[in-house]
Amino acid sequence: LAVWLVNKSGGLIYHRALREDAPTLDANACLRLASVWHSLHAISRKVAPVTGCAGIESLECDTFDLYCFQAETGMKIFVTMTKGSADASGTLRRTHRAYCDYALKNPFYEVEMPVRCELFDVAIADIARSVNERG
């Protein structure tokens, strides 16, 4: 499981890979991937053949799946999970709730800036642990 938070401008504000066997990415690669995902999500909303499209919500690959949730504020949360992982929408909801509880309610956090909050890290680790236990 890897968790990415992208602000409404397309900037990466949080990234954690929560598996020991996850590939390591340098900071620039993480920033590029977040920017690409933000751009693809925005483009998909514009070119959709139907009105009211919310953008790309999932991307299925051979070895992993990527799921995305866009909050009302424009911030995007996306998670990469191993094939066959259960409850992606629940994982996204719990991640958003943790962001609201531990980042937004932190008086020292500035919206749209990188999230640096130990309680948020702990909450994300708990979410990852529950996802990994369910398989």
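In every chain, residue numbers begin from 1 and rise along the written sequence. Note on the predicted model: pLDDT of at least 70 is required for a residue's local features to be given, and 80 or more for side-chain atom pairs to be given and counted; whole-chain, interface and lining totals, by contrast, use all residues. Working from all heavy atoms in the structure, the side-chain values ignore hydrogens and water.

> What is the right way to look at helix H1 (residues 27-47) in this model?
Secondary structure follows DSSP: runs of H or I at least 4 residues long count as helices, runs of E at least 2 residues long count as strands, and numbering of each begins at the N terminus. Every helix has an expected span of 1.5 Å times one less than the residues it contains. With 21 residues, H1 should cover 30 Å at 1.5 Å per step; its first-to-last C-alpha distance of 30 Å lies within 8% of that length. Note on contacts: a residue pair is in contact if any heavy atoms of the two residues lie within 4.5 Å. In the core, the buried residues of H1 are packed alongside strand S1 (2-6), strand S2 (12-17), strand S3 (58-60), strand S4 (64-70) and strand S5 (76-82).

> Which parts of the structure should I look at to understand the pattern of salt bridges?
Here the idea is simple: oppositely charged side chains can pair when their charged atoms come close. For this analysis, a salt bridge means a side-chain nitrogen from Lys or Arg found within 4 Å of a carboxyl oxygen belonging to Asp or Glu. This structure, assessed with the given rule, holds 4 salt bridges. With a shortest N-O distance of 3.1 Å, Asp65 and Lys83 are connected by a salt bridge. With Asp65 in strand S4 and Lys83 in the loop between S5 and helix H2 (88-104), this residue pair connects regions lying 18 residues apart in the sequence.

> Help me understand the sheet that holds S1 in this model?
Adjacent strands of a sheet form backbone hydrogen bonds with each other and so pair up, either parallel or antiparallel. Pairing between strands requires that DSSP locate at least two bridges from one strand to the other. Here 5 strands make up an open sheet; going across it, the order is S2-S1-S5-S4-S3 and the pairing antiparallel. Strand pairing shows two members of the sheet lacking a second neighbour, S2 and S3, which therefore form its edges. Shown here is a sheet whose adjacent strand axes are inclined to one another by a mean of 10°, direction ignored. When S1 meets S5, the two strands line up antiparallel, connected through 5 bridges. If you follow Leu5 over to S5, its bridge partner there is Ile77. Only C-alpha atoms enter the line fits that serve as axes; for helices the fit covers just the stretch in contact. Angles between N-to-C directions range over 0 to 180 degrees. The sheet strands contacting helix H3 (residues 118-134) are S1, S2 and S5, and the helix crosses S2 at an angle near 45°.

> Could you clarify how one ought to interpret H2 in this entry?
Given 3.6 residues per helical turn, the α-helix brings residues three or four places apart onto the same face. The end-to-end C-alpha separation of H2 is 23 Å, in line with the 24 Å expected for 17 residues at 1.5 Å each. Next to the buried residues of H2 lie S1, S2, S4, S5 and H3.

> Honestly, the side chain of His41 in this entry has me stumped. Any pointers?
Relative to the assigned elements, His41 resides in helix H1. On the basis of relative accessible area, His41 is assigned to the buried category, the value being 2%. Polar contacts, as counted here, are pairs of nitrogen or oxygen atoms within 3.5 Å of one another; within protein the pair requires one atom able to donate a hydrogen and one able to accept it, and residues that are adjacent in sequence qualify only if both atoms are side-chain atoms. Looking at His41, its side chain comes within polar contact range of the main-chain oxygen of Ala54, at 3.3 Å. Those residues in contact with His41 that sit more than four places away from it in its chain are Ala54, Gly55, Ile56, Cys68, Gln70 and Lys76. The rule is simple: take the accessible area with a 1.4 Å probe, protein chains only, and divide by the maximum for that residue type; under 20% is buried, over 50% is exposed, in between is partly exposed.

> Explanation requested: the environment of Ala42 in the structure shown.
As for its placement among the helices and strands, Ala42 is situated in helix H1. Ala42 gets classed as partly exposed once you look at its relative accessible area, which sits at 34%.

> What exactly am I supposed to notice about the pairing of S5 here?
Regular strands have side chains that alternate between both faces of the sheet. Counted residue by residue, S5 has 6 buried out of 7 residues, so it is predominantly covered. The hairpin formed by S4 and S5 contains 5 residues between the paired strands, and Gly74 there has a positive phi angle of roughly 100°.

> When you look at the layout of surface pockets in this model, what are you seeing that I'm missing?
To locate leftover empty space, one rolls a probe as large as a water molecule over the atoms. By volume, the largest pocket amounts to about 530 Å³. At the level of secondary structure, the elements contributing two or more residues to the lining of the largest pocket comprise S1, S2, H1, S4 and S5. The classification used treats Ala, Val, Leu, Ile, Met, Phe, Trp, Tyr, Cys and Pro as nonpolar, Asp, Glu, Lys and Arg as charged, and all other residues, Gly among them, as polar. A per-class count over the lining of the largest pocket returns 16 nonpolar, 3 polar and 2 charged. Cavities and pockets were defined on a 1 Å grid built over protein atoms only: a cavity is a set of grid points that admits a 1.4 Å probe from which the probe cannot escape, a pocket is an open set flanked by protein on both sides within 12 Å along at least five of seven lines, and lining residues are those with an atom within 4 Å of any such point. Grid points are joined across faces, edges and corners, and a volume is the space filled by probe spheres set on the points.

> Where do I start with the state of the cysteines in this structure?
Here a disulfide denotes a covalent bond joining the sulfur atom of one cysteine to the sulfur atom of another. Note on terminology: pairs of cysteine sulfur atoms within 2.5 Å are recorded as disulfides. In this structure the tally under the stated criterion is 0 disulfides. This cysteine, Cys68, is not joined by any disulfide, and Cys53 carries the nearest cysteine sulfur, 11 Å off. Cys68 sits in the buried class, given a relative accessible area of 8%. There is no disulfide at Cys100, and the cysteine sulfur nearest it, in Cys117, is 13 Å away. For Cys100, a relative accessible area of 24% gives the class partly exposed.

Shape is all these values report; function is a separate question.
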